[in-house]
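Observations on the three-dimensional arrangement
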Amino acid sequence: MARERRDPRPTGTSRTGTSRTGTPRTGAPRGGTSRAGGPSRQQPSSGRNQPRPTTPPAPTTRIELTFLPGLGDVLRDEVARVLSPARPATPVPGRDDALVVTLTGPVGTVLADVRRLRTAVAAFVWLHFDVPRPRSLVSGDHLARIVDAVYASLRAAGSSSFRFEAAGADSAVFARLADELRRATGLAYDPEHGELVVKVRRGTARGVEQRANQGAAREVDPGWDVLVRIGPRPLSARTWRVADFPGAANATIAAAMVALAGPRDDERVLNLMCGSGTLLVERLLAAGAAQAVGVDVAPDALDAAARNVEAAGLSRRVTLLTADALAPDSWLPAAGGAGFDLVLADPPWGALHGSHDDAERVHTGLLRAAHDVTAPGARLVVLTHEVKVMERCVRAADALWRAPQPPVRVYAKGHHPRIWLLHHL
Ligand SMILES: C[S@@+](CC[C@H](N)C(=O)[O-])C[C@H]1O[C@@H](n2cnc3c(N)ncnc32)[C@H](O)[C@@H]1O
(Lines give C-alpha, C1' and ligand atoms only; values in the text may rest on other atoms or scores of the structure.)
Protein backbone atom coordinates (compact mmCIF):
# COMPACT_ATOMS: atom_id res chain seq x y z
CA MET A 1 0.00 0.00 0.00
CA ALA A 2 1.32 3.43 -0.89
CA ARG A 3 2.27 5.58 2.02
CA GLU A 4 1.09 9.15 2.49
CA ARG A 5 3.37 11.62 0.83
CA ARG A 6 5.18 13.85 3.24
CA ASP A 7 3.45 17.01 2.15
CA PRO A 8 2.04 18.24 5.46
CA ARG A 9 -1.32 18.86 3.78
CA PRO A 10 -2.09 15.55 2.07
CA THR A 11 -5.82 15.93 2.26
CA GLY A 12 -5.72 19.04 0.10
CA THR A 13 -7.45 21.04 2.80
CA SER A 14 -6.48 24.47 4.03
CA ARG A 15 -4.13 25.05 6.88
CA THR A 16 -6.46 25.87 9.70
CA GLY A 17 -6.29 27.23 13.20
CA THR A 18 -8.49 28.89 15.73
CA SER A 19 -9.04 32.30 17.08
CA ARG A 20 -8.56 32.90 20.77
CA THR A 21 -12.22 32.21 21.32
CA GLY A 22 -11.84 28.79 19.77
CA THR A 23 -13.87 29.83 16.72
CA PRO A 24 -12.53 27.98 13.69
CA ARG A 25 -10.65 30.24 11.32
CA THR A 26 -8.68 29.62 8.18
CA GLY A 27 -5.09 30.66 7.66
CA ALA A 28 -2.72 31.06 4.75
CA PRO A 29 -2.37 28.00 2.56
CA ARG A 30 0.98 26.30 2.35
CA GLY A 31 2.87 24.02 0.04
CA GLY A 32 1.65 25.52 -3.25
CA THR A 33 -1.90 24.28 -2.77
CA SER A 34 -4.82 26.63 -2.62
CA ARG A 35 -7.50 26.43 0.05
CA ALA A 36 -9.73 24.61 -2.39
CA GLY A 37 -6.97 22.16 -3.19
CA GLY A 38 -6.25 23.78 -6.59
CA PRO A 39 -3.13 25.60 -7.77
CA SER A 40 -1.96 28.69 -5.91
CA ARG A 41 -1.74 32.02 -7.76
CA GLN A 42 1.49 32.43 -9.77
CA GLN A 43 3.66 35.58 -9.73
CA PRO A 44 3.88 37.35 -13.13
CA SER A 45 6.95 36.25 -15.14
CA SER A 46 9.73 38.86 -15.32
CA GLY A 47 11.98 37.32 -18.01
CA ARG A 48 12.03 35.09 -21.08
CA ASN A 49 14.01 32.26 -19.54
CA GLN A 50 11.88 31.91 -16.45
CA PRO A 51 10.89 28.28 -15.91
CA ARG A 52 7.30 27.69 -16.93
CA PRO A 53 4.98 27.40 -14.00
CA THR A 54 4.02 23.82 -13.31
CA THR A 55 0.58 22.73 -12.22
CA PRO A 56 0.75 21.10 -8.83
CA PRO A 57 -0.57 17.56 -8.74
CA ALA A 58 -4.23 17.20 -7.83
CA PRO A 59 -4.62 16.54 -4.11
CA THR A 60 -5.27 12.98 -3.06
CA THR A 61 -7.11 11.72 -0.01
CA ARG A 62 -6.76 8.23 1.39
CA ILE A 63 -10.04 6.91 2.76
CA GLU A 64 -10.73 3.86 4.92
CA LEU A 65 -14.19 2.38 4.50
CA THR A 66 -15.52 -0.08 7.05
CA PHE A 67 -18.26 -2.59 6.24
CA LEU A 68 -20.06 -5.59 7.69
CA PRO A 69 -17.90 -8.67 7.04
CA GLY A 70 -19.28 -10.44 3.99
CA LEU A 71 -20.18 -7.23 2.15
CA GLY A 72 -16.65 -6.31 1.03
CA ASP A 73 -17.25 -7.20 -2.64
CA VAL A 74 -20.52 -5.29 -2.71
CA LEU A 75 -18.84 -2.21 -1.21
CA ARG A 76 -15.88 -2.45 -3.59
CA ASP A 77 -18.30 -2.48 -6.53
CA GLU A 78 -20.22 0.46 -5.10
CA VAL A 79 -16.99 2.43 -4.64
CA ALA A 80 -16.09 1.78 -8.29
CA ARG A 81 -19.56 2.84 -9.42
CA VAL A 82 -20.00 5.93 -7.23
CA LEU A 83 -16.47 7.23 -6.78
CA SER A 84 -14.67 6.00 -9.93
CA PRO A 85 -11.25 5.83 -8.26
CA ALA A 86 -8.14 5.55 -10.44
CA ARG A 87 -7.43 2.24 -8.71
CA PRO A 88 -10.00 -0.08 -7.10
CA ALA A 89 -10.47 -0.15 -3.35
CA THR A 90 -8.36 -2.86 -1.72
CA PRO A 91 -8.64 -4.68 1.62
CA VAL A 92 -6.90 -3.12 4.58
CA PRO A 93 -4.17 -5.65 5.48
CA GLY A 94 -5.19 -7.97 8.29
CA ARG A 95 -8.82 -6.81 8.36
CA ASP A 96 -12.02 -8.44 7.09
CA ASP A 97 -14.13 -5.34 7.60
CA ALA A 98 -12.29 -2.49 5.88
CA LEU A 99 -11.22 -1.29 2.43
CA VAL A 100 -8.84 1.50 1.53
CA VAL A 101 -9.12 3.71 -1.52
CA THR A 102 -7.17 6.77 -2.65
CA LEU A 103 -9.28 9.48 -4.26
CA THR A 104 -8.18 12.45 -6.32
CA GLY A 105 -9.76 15.89 -6.27
CA PRO A 106 -10.61 18.70 -3.89
CA VAL A 107 -11.13 17.17 -0.48
CA GLY A 108 -14.55 18.77 -0.07
CA THR A 109 -15.82 17.07 -3.22
CA VAL A 110 -14.17 13.78 -2.30
CA LEU A 111 -15.73 13.66 1.16
CA ALA A 112 -19.16 14.70 -0.11
CA ASP A 113 -18.99 11.85 -2.64
CA VAL A 114 -17.85 9.34 -0.03
CA ARG A 115 -20.87 10.21 2.10
CA ARG A 116 -23.10 8.95 -0.74
CA LEU A 117 -21.94 5.35 -0.19
CA ARG A 118 -24.77 3.19 1.13
CA THR A 119 -23.09 -0.16 1.83
CA ALA A 120 -20.26 1.23 3.99
CA VAL A 121 -20.62 1.34 7.76
CA ALA A 122 -18.27 4.31 8.19
CA ALA A 123 -15.65 6.32 6.31
CA PHE A 124 -12.45 7.86 7.63
CA VAL A 125 -9.76 10.18 6.27
CA TRP A 126 -6.62 8.12 6.77
CA LEU A 127 -3.36 9.88 7.63
CA HIS A 128 -0.05 8.12 8.13
CA PHE A 129 2.77 9.48 10.28
CA ASP A 130 6.33 8.18 10.33
CA VAL A 131 6.66 8.73 14.04
CA PRO A 132 7.73 6.24 16.71
CA ARG A 133 5.01 7.10 19.23
CA PRO A 134 1.73 9.06 19.46
CA ARG A 135 3.42 11.75 21.56
CA SER A 136 5.02 13.09 18.37
CA LEU A 137 1.60 13.75 16.82
CA VAL A 138 1.24 17.01 18.73
CA SER A 139 4.23 18.54 16.93
CA GLY A 140 3.43 21.42 14.50
CA ASP A 141 3.16 19.81 11.08
CA HIS A 142 1.64 16.58 12.32
CA LEU A 143 -1.00 18.36 14.32
CA ALA A 144 -1.76 20.63 11.35
CA ARG A 145 -2.49 17.59 9.18
CA ILE A 146 -4.84 16.15 11.78
CA VAL A 147 -6.57 19.50 12.22
CA ASP A 148 -6.96 19.81 8.44
CA ALA A 149 -8.62 16.40 8.29
CA VAL A 150 -10.94 17.31 11.18
CA TYR A 151 -11.92 20.50 9.35
CA ALA A 152 -12.55 18.57 6.17
CA SER A 153 -14.84 16.22 8.09
CA LEU A 154 -16.63 19.15 9.71
CA ARG A 155 -17.23 20.75 6.33
CA ALA A 156 -18.73 17.51 5.03
CA ALA A 157 -21.00 17.15 8.08
CA GLY A 158 -20.84 19.15 11.30
CA SER A 159 -19.93 17.79 14.72
CA SER A 160 -19.75 19.60 18.05
CA SER A 161 -17.42 17.25 19.94
CA PHE A 162 -14.80 14.57 19.35
CA ARG A 163 -13.38 11.50 21.03
CA PHE A 164 -10.49 9.14 20.51
CA GLU A 165 -10.63 5.46 19.75
CA ALA A 166 -7.15 4.28 20.60
CA ALA A 167 -5.26 2.03 22.96
CA GLY A 168 -4.28 4.29 25.86
CA ALA A 169 -6.85 6.94 24.95
CA ASP A 170 -7.04 7.89 28.64
CA SER A 171 -3.28 8.49 28.94
CA ALA A 172 -1.54 11.84 29.45
CA VAL A 173 -0.32 11.74 25.84
CA PHE A 174 -3.86 11.64 24.52
CA ALA A 175 -4.98 14.27 27.04
CA ARG A 176 -2.41 16.60 25.50
CA LEU A 177 -3.43 15.70 21.97
CA ALA A 178 -7.08 16.28 22.92
CA ASP A 179 -6.18 19.66 24.35
CA GLU A 180 -4.37 20.69 21.19
CA LEU A 181 -7.19 19.48 18.95
CA ARG A 182 -9.79 21.20 21.11
CA ARG A 183 -7.93 24.50 20.86
CA ALA A 184 -7.26 24.16 17.15
CA THR A 185 -10.79 23.18 16.11
CA GLY A 186 -13.09 24.65 18.75
CA LEU A 187 -14.68 21.20 19.23
CA ALA A 188 -15.44 19.95 22.74
CA TYR A 189 -13.52 16.87 23.86
CA ASP A 190 -15.97 14.24 25.12
CA PRO A 191 -14.10 10.96 25.71
CA GLU A 192 -17.35 8.97 26.08
CA HIS A 193 -19.84 10.42 23.62
CA GLY A 194 -17.81 12.65 21.30
CA GLU A 195 -19.44 12.73 17.87
CA LEU A 196 -16.38 12.93 15.65
CA VAL A 197 -14.28 9.79 16.08
CA VAL A 198 -10.50 10.08 15.78
CA LYS A 199 -8.79 6.69 15.72
CA VAL A 200 -5.10 6.42 16.48
CA ARG A 201 -3.42 3.09 15.83
CA ARG A 202 -0.14 1.49 14.74
CA GLY A 203 0.69 1.71 11.04
CA THR A 204 -0.13 -1.32 8.94
CA ALA A 205 2.47 -4.09 8.79
CA ARG A 206 2.60 -3.83 4.99
CA GLY A 207 4.56 -0.60 5.26
CA VAL A 208 7.19 -2.54 7.09
CA GLU A 209 7.49 -5.13 4.30
CA GLN A 210 7.75 -2.49 1.58
CA ARG A 211 10.64 -0.83 3.28
CA ALA A 212 12.36 -4.11 4.03
CA ASN A 213 12.07 -5.00 0.33
CA GLN A 214 13.92 -1.87 -0.61
CA GLY A 215 17.08 -3.50 0.63
CA ALA A 216 17.10 -2.71 4.30
CA ALA A 217 17.30 -5.95 6.21
CA ARG A 218 16.13 -4.48 9.48
CA GLU A 219 12.53 -3.99 10.42
CA VAL A 220 11.27 -0.46 10.09
CA ASP A 221 8.98 1.13 12.61
CA PRO A 222 5.47 1.06 11.04
CA GLY A 223 4.69 4.51 12.42
CA TRP A 224 1.19 5.57 13.43
CA ASP A 225 -2.07 6.08 11.60
CA VAL A 226 -4.69 8.65 12.48
CA LEU A 227 -8.16 8.13 11.05
CA VAL A 228 -10.70 10.93 11.23
CA ARG A 229 -14.29 9.83 10.71
CA ILE A 230 -16.22 11.67 8.05
CA GLY A 231 -19.30 12.92 9.87
CA PRO A 232 -20.62 12.82 13.43
CA ARG A 233 -22.27 9.45 12.97
CA PRO A 234 -21.45 6.33 10.94
CA LEU A 235 -22.72 6.34 7.37
CA SER A 236 -24.90 3.37 8.32
CA ALA A 237 -26.95 5.51 10.73
CA ARG A 238 -29.67 6.73 8.39
CA THR A 239 -31.40 10.02 9.05
CA TRP A 240 -34.62 8.62 7.62
CA ARG A 241 -34.87 6.01 10.41
CA VAL A 242 -37.17 7.85 12.80
CA ALA A 243 -39.24 4.84 13.90
CA ASP A 244 -37.63 2.13 15.98
CA PHE A 245 -38.86 -1.30 15.00
CA PRO A 246 -37.60 -4.50 16.66
CA GLY A 247 -35.95 -6.72 14.07
CA ALA A 248 -35.54 -3.92 11.51
CA ALA A 249 -32.97 -4.79 8.86
CA ASN A 250 -29.53 -3.20 9.01
CA ALA A 251 -29.51 -0.40 6.44
CA THR A 252 -26.17 -1.34 4.87
CA ILE A 253 -27.40 -4.92 4.41
CA ALA A 254 -30.57 -3.56 2.83
CA ALA A 255 -28.46 -1.40 0.52
CA ALA A 256 -26.36 -4.45 -0.37
CA MET A 257 -29.54 -6.39 -1.25
CA VAL A 258 -30.55 -3.57 -3.56
CA ALA A 259 -27.08 -3.42 -5.12
CA LEU A 260 -27.09 -7.19 -5.72
CA ALA A 261 -30.43 -6.90 -7.49
CA GLY A 262 -29.18 -4.06 -9.72
CA PRO A 263 -31.94 -1.44 -9.41
CA ARG A 264 -33.62 -0.14 -12.58
CA ASP A 265 -35.36 3.21 -12.77
CA ASP A 266 -38.50 1.99 -14.50
CA GLU A 267 -39.26 -1.12 -12.48
CA ARG A 268 -42.14 -2.02 -10.19
CA VAL A 269 -40.84 -2.80 -6.72
CA LEU A 270 -42.53 -4.88 -4.04
CA ASN A 271 -41.39 -5.34 -0.44
CA LEU A 272 -43.12 -8.33 1.13
CA MET A 273 -43.20 -8.46 4.97
CA CYS A 274 -41.85 -4.93 4.84
CA GLY A 275 -41.80 -4.23 8.60
CA SER A 276 -40.61 -0.66 9.12
CA GLY A 277 -39.71 -0.28 5.44
CA THR A 278 -35.91 -0.47 5.48
CA LEU A 279 -35.63 -2.41 2.22
CA LEU A 280 -38.20 -0.23 0.49
CA VAL A 281 -36.54 3.03 1.53
CA GLU A 282 -33.04 1.85 0.60
CA ARG A 283 -34.32 0.67 -2.78
CA LEU A 284 -35.99 3.98 -3.56
CA LEU A 285 -32.98 6.00 -2.43
CA ALA A 286 -30.77 3.98 -4.81
CA ALA A 287 -32.79 4.57 -8.00
CA GLY A 288 -36.13 5.64 -9.37
CA ALA A 289 -39.04 3.22 -9.70
CA ALA A 290 -42.29 3.02 -11.62
CA GLN A 291 -44.08 1.86 -8.48
CA ALA A 292 -43.21 0.86 -4.90
CA VAL A 293 -45.44 -1.24 -2.64
CA GLY A 294 -44.89 -2.54 0.90
CA VAL A 295 -47.02 -5.33 2.42
CA ASP A 296 -47.08 -6.36 6.07
CA VAL A 297 -49.63 -8.09 8.23
CA ALA A 298 -48.91 -6.02 11.35
CA PRO A 299 -50.42 -2.51 11.63
CA ASP A 300 -47.67 -1.32 14.02
CA ALA A 301 -45.06 -2.36 11.44
CA LEU A 302 -46.81 -0.32 8.78
CA ASP A 303 -47.07 2.67 11.14
CA ALA A 304 -43.30 2.51 11.54
CA ALA A 305 -42.85 2.10 7.77
CA ALA A 306 -45.05 5.12 7.08
CA ARG A 307 -42.99 7.28 9.44
CA ASN A 308 -39.66 6.16 7.96
CA VAL A 309 -40.91 6.55 4.41
CA GLU A 310 -42.11 10.06 5.22
CA ALA A 311 -38.80 11.00 6.86
CA ALA A 312 -37.05 9.82 3.69
CA GLY A 313 -39.29 12.11 1.64
CA LEU A 314 -40.78 9.15 -0.21
CA SER A 315 -44.42 9.14 0.96
CA ARG A 316 -45.83 10.06 -2.43
CA ARG A 317 -43.98 7.21 -4.12
CA VAL A 318 -44.93 4.38 -1.74
CA THR A 319 -48.11 2.37 -1.18
CA LEU A 320 -48.33 0.47 2.12
CA LEU A 321 -50.83 -2.36 2.45
CA THR A 322 -51.94 -4.25 5.56
CA ALA A 323 -52.32 -7.83 4.40
CA ASP A 324 -51.04 -11.39 4.55
CA ALA A 325 -48.14 -11.33 2.07
CA LEU A 326 -48.54 -15.08 1.50
CA ALA A 327 -52.07 -14.61 0.14
CA PRO A 328 -51.49 -12.32 -2.88
CA ASP A 329 -55.09 -12.56 -4.09
CA SER A 330 -56.13 -10.48 -1.07
CA TRP A 331 -53.85 -7.51 -1.85
CA LEU A 332 -52.80 -7.76 -5.49
CA PRO A 333 -55.65 -5.60 -6.87
CA ALA A 334 -54.72 -2.79 -4.43
CA ALA A 335 -51.08 -3.20 -5.46
CA GLY A 336 -51.86 -2.62 -9.14
CA GLY A 337 -51.85 -6.25 -10.25
CA ALA A 338 -49.10 -8.76 -11.01
CA GLY A 339 -45.96 -8.14 -13.04
CA PHE A 340 -43.60 -6.77 -10.40
CA ASP A 341 -39.95 -6.67 -11.51
CA LEU A 342 -38.22 -6.75 -8.13
CA VAL A 343 -39.34 -8.29 -4.85
CA LEU A 344 -37.43 -7.68 -1.63
CA ALA A 345 -38.11 -9.51 1.64
CA ASP A 346 -36.66 -10.36 5.02
CA PRO A 347 -39.11 -12.81 6.58
CA PRO A 348 -39.45 -13.23 10.36
CA TRP A 349 -36.71 -15.12 12.16
CA GLY A 350 -36.36 -16.44 15.67
CA ALA A 351 -39.33 -15.65 17.88
CA LEU A 352 -39.51 -11.92 17.18
CA HIS A 353 -42.18 -11.73 14.49
CA GLY A 354 -42.78 -15.42 13.95
CA SER A 355 -41.40 -18.76 15.10
CA HIS A 356 -38.72 -21.12 13.94
CA ASP A 357 -41.32 -23.89 13.67
CA ASP A 358 -43.25 -21.81 11.17
CA ALA A 359 -40.19 -20.88 9.08
CA GLU A 360 -40.60 -23.65 6.47
CA ARG A 361 -44.18 -22.65 5.74
CA VAL A 362 -43.32 -18.94 5.60
CA HIS A 363 -40.28 -19.35 3.32
CA THR A 364 -42.11 -21.76 1.00
CA GLY A 365 -45.08 -19.40 0.90
CA LEU A 366 -42.82 -16.43 0.21
CA LEU A 367 -41.17 -18.10 -2.79
CA ARG A 368 -44.60 -19.07 -4.12
CA ALA A 369 -46.25 -15.67 -3.55
CA ALA A 370 -43.31 -13.74 -5.03
CA HIS A 371 -43.41 -15.99 -8.09
CA ASP A 372 -47.16 -15.46 -8.51
CA VAL A 373 -46.81 -11.67 -8.64
CA THR A 374 -43.75 -11.42 -10.91
CA ALA A 375 -42.95 -12.15 -14.54
CA PRO A 376 -40.07 -14.25 -15.95
CA GLY A 377 -36.78 -12.38 -15.50
CA ALA A 378 -37.92 -10.68 -12.30
CA ARG A 379 -35.57 -10.74 -9.32
CA LEU A 380 -36.32 -11.80 -5.75
CA VAL A 381 -33.85 -10.84 -3.03
CA VAL A 382 -34.35 -12.47 0.37
CA LEU A 383 -32.46 -11.82 3.58
CA THR A 384 -32.95 -14.62 6.09
CA HIS A 385 -31.42 -16.07 9.21
CA GLU A 386 -33.22 -19.37 8.57
CA VAL A 387 -30.35 -20.60 6.42
CA LYS A 388 -31.04 -24.34 6.36
CA VAL A 389 -34.76 -23.79 5.89
CA MET A 390 -34.16 -21.40 3.00
CA GLU A 391 -31.71 -23.81 1.35
CA ARG A 392 -34.35 -26.54 1.45
CA CYS A 393 -37.08 -24.23 0.19
CA VAL A 394 -34.97 -22.89 -2.70
CA ARG A 395 -34.14 -26.48 -3.74
CA ALA A 396 -37.80 -27.40 -3.61
CA ALA A 397 -38.72 -24.31 -5.69
CA ASP A 398 -36.18 -24.96 -8.45
CA ALA A 399 -38.95 -24.91 -11.05
CA LEU A 400 -39.83 -21.36 -9.99
CA TRP A 401 -36.53 -19.67 -9.16
CA ARG A 402 -32.87 -19.96 -10.19
CA ALA A 403 -30.01 -18.68 -8.04
CA PRO A 404 -27.38 -17.10 -10.36
CA GLN A 405 -24.84 -16.98 -7.54
CA PRO A 406 -24.34 -18.52 -4.10
CA PRO A 407 -25.98 -16.66 -1.23
CA VAL A 408 -23.94 -13.87 0.38
CA ARG A 409 -23.07 -14.52 4.00
CA VAL A 410 -23.14 -11.44 6.22
CA TYR A 411 -21.86 -11.04 9.77
CA ALA A 412 -24.02 -8.66 11.75
CA LYS A 413 -24.04 -8.32 15.54
CA GLY A 414 -23.39 -12.00 16.19
CA HIS A 415 -25.86 -13.17 13.53
CA HIS A 416 -24.91 -14.64 10.19
CA PRO A 417 -27.85 -14.20 7.85
CA ARG A 418 -27.63 -14.85 4.10
CA ILE A 419 -28.77 -12.80 1.14
CA TRP A 420 -30.28 -14.86 -1.67
CA LEU A 421 -30.61 -13.43 -5.15
CA LEU A 422 -33.09 -15.41 -7.25
CA HIS A 423 -34.31 -15.07 -10.83
CA HIS A 424 -37.89 -15.90 -11.85
CA LEU A 425 -37.81 -18.79 -14.36
C1 LIG B 1 -37.91 -9.30 10.15
S2 LIG B 1 -39.34 -8.32 10.09
C3 LIG B 1 -39.06 -7.26 8.73
C4 LIG B 1 -38.22 -6.09 9.14
C5 LIG B 1 -38.13 -5.01 8.10
N6 LIG B 1 -37.31 -5.36 6.96
C7 LIG B 1 -37.60 -3.73 8.72
O8 LIG B 1 -36.50 -3.31 8.37
O9 LIG B 1 -38.25 -3.21 9.60
C10 LIG B 1 -40.51 -9.42 9.46
C11 LIG B 1 -41.88 -8.80 9.19
O12 LIG B 1 -42.70 -9.79 8.60
C13 LIG B 1 -44.03 -9.50 8.96
N14 LIG B 1 -44.84 -10.70 8.65
C15 LIG B 1 -44.75 -11.94 9.20
N16 LIG B 1 -45.61 -12.77 8.59
C17 LIG B 1 -46.24 -12.06 7.62
C18 LIG B 1 -47.21 -12.37 6.65
N19 LIG B 1 -47.73 -13.60 6.53
N20 LIG B 1 -47.62 -11.39 5.82
C21 LIG B 1 -47.11 -10.13 5.92
N22 LIG B 1 -46.18 -9.79 6.83
C23 LIG B 1 -45.75 -10.74 7.67
C24 LIG B 1 -43.94 -9.12 10.41
O25 LIG B 1 -45.05 -8.36 10.81
C26 LIG B 1 -42.63 -8.31 10.42
O27 LIG B 1 -42.91 -6.94 10.27
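Labelled according to an unreviewed UniProt entry, the protein chain appears under the name RNA methyltransferase, originating from Cellulomonas composti.

The environment of the ligand is made up of 22 residues, and the closest members are A248, M273, G275, S276 and T278. Counting residues per element, the ones that place at least two in the shell around the ligand are α7 (278-286) and β12 (291-296). For the shell around the ligand, the residue count by class is 13 nonpolar, six polar and three charged.

The subject of this paragraph is the nonpolar core. Counting residues in hydrophobic clusters, the biggest one holds 118 residues, and the most contacted among them are L65, M257 and L272. When residues of this core are assigned to their parent elements, the largest contribution, 10 residues, is made by helix α6 (residues 251-261). A domain split of this core shows at least three residues from each of domain 1 (16-38 + 56-229) and domain 2 (251-424). Discounting chain neighbours no more than four positions away, the residues touching L65 are L75, V79, A89, A98, L99, V101, L117, A120 and A123.

Turning to the sheet that holds strand β9 (residues 196-202), a few remarks are in order. Hydrogen bonding along the main chain pairs the strands of a sheet, whether they run parallel or antiparallel. Taken together, eight strands build an open sheet; the order of strands is β4-β5-β3-β6-β10-β9-β7-β8 and the sheet is mixed. Of all strands in the sheet, those with a lone pairing partner are β4 (90-91) and β8 (188-189), marking the two edges. As paired strands, strand β3 (residues 60-66) and strand β6 (residues 122-129) are joined by four bridges and run antiparallel to one another. Bridge pairing links L65 to A123 in β6. Running over the sheet, helix α4 (residues 172-185) touches β7 (161-166) and β8 and is turned about 150° from β7.

Next up on the list: the pairing of strand β15 (residues 374-384). Burial within β15 is extensive, with eight of its 11 residues counted as buried. Of the pairings in the sheet, the one linking strand β14 (residues 340-345) to β15 comprises five bridges and is parallel in character. Residue pairing in the sheet places A345 in a bridge with V382 of β15. Of the strand pairs in this sheet, β15 and strand β18 (residues 418-424) are connected by six bridges, and their pairing is antiparallel. Within β18, the residue paired with T384 across the bridge is R418.

Notably, S84 is not glycine yet its phi reads approximately 40°, a positive angle. Of note, the phi angle at M273 is positive, near 55°, even though the residue is not glycine. With respect to the secondary-structure elements, M273 resides in the loop between β11 (268-272) and α7. The class for M273 is buried, based on 25 C-beta atoms found within 10 Å.

This paragraph deals with the confidence of the model for the protein chain. Within the protein chain, residue pLDDT values average 87, and 84% of them lie at 70 or more. For residues 1-46, every residue scores under 50 in pLDDT, and the model assigns this stretch 93 contacts once sequence neighbours within four places are set aside.

We now examine the packing of helix α1 (residues 72-83) against α6. Between α1 and α6, the least distance of the axes is 10 Å, while the angle of their chain directions is 70°. When the axes of α1 and α6 are compared, the pair comes out roughly perpendicular. The way α1 lies across α6 gives a crossing that is left-handed. Side by side, α1 and α6 meet where V74, D77 and E78 of the first sit next to A256, A259 and L260 of the second.

So, on to α4. In this model, α4 (14 residues) spans 20 Å end to end at C-alpha, consistent with the 20 Å of a helix rising 1.5 Å per residue. For α4, the full list of buried residues reads F174, L177, A178, L181, A184 and T185. Here the buried residues of α4 occupy an arc of 135° about the axis, which is enough to place them on one side. For α4, the exposed residues set more than 90 degrees away from the buried face come down to A172 and D179. Downstream of α4 by one or two residues, G186 has phi in the positive range, about 80°.

With that settled, consider the environment of G365. One can find G365 in helix α9 (residues 359-372). C-alpha separation for the pair G365 and C393, spaced 28 residues apart in sequence, amounts to 9.4 Å.

The buried count for β3 comes to seven of seven residues, which makes it a mostly enclosed element. Across the two faces of β3 the burial is the same, with T60, R62, E64 and T66 and T61, I63 and L65 all buried. The pairing of β3 with strand β5 (residues 98-104) spans seven bridges and is antiparallel. By the bridge assignment, R62 is partnered in β5 with T102.

A few words on the environment of A89. Looking at where A89 falls in the secondary structure, it is placed in the loop between α1 and β4. On the basis of neighbour count, A89 is assigned to the buried category, with 24 C-beta atoms found within 10 Å. With 26 residues separating them along the chain, A89 and I63 place their C-alpha atoms 9.3 Å apart. Leaving out residues up to four positions away in the same chain, A89 has contacts with L65, R76, V79, L99, V100 and V101.

Parameters at a glance
Residues numbered from 1 in each chain as written. Predicted model: local features only at pLDDT ≥ 70, side-chain atom pairs only at ≥ 80, totals over all residues. Near = placed C-beta within 6 Å. Helix = DSSP H or I, 4+ residues; strand = E, 2+ residues; numbered from the N terminus. Nonpolar A, V, L, I, M, F, W, Y, C, P; charged D, E, K, R; others polar. Core = buried A, V, L, I, M, F, W, Y, C linked by C-beta atoms within 7 Å. Buried ≥ 20, exposed ≤ 12 C-beta atoms within 10 Å, placed from the backbone. Domains from an automatic or database assignment. Contact = placed C-beta atoms within 7 Å. Pairing = 2+ DSSP bridges. Axes fitted to C-alpha atoms, helices over the stretch in contact; angles between N-to-C directions. pLDDT = per-residue confidence, 0-100. Parallel < 35°, antiparallel > 145°, perpendicular 65-115°, else oblique. Left-handed = near helix turned anticlockwise from the far one by under 90°. Expected span 1.5 Å × (residues − 1). Arc of directions from axis to C-beta.

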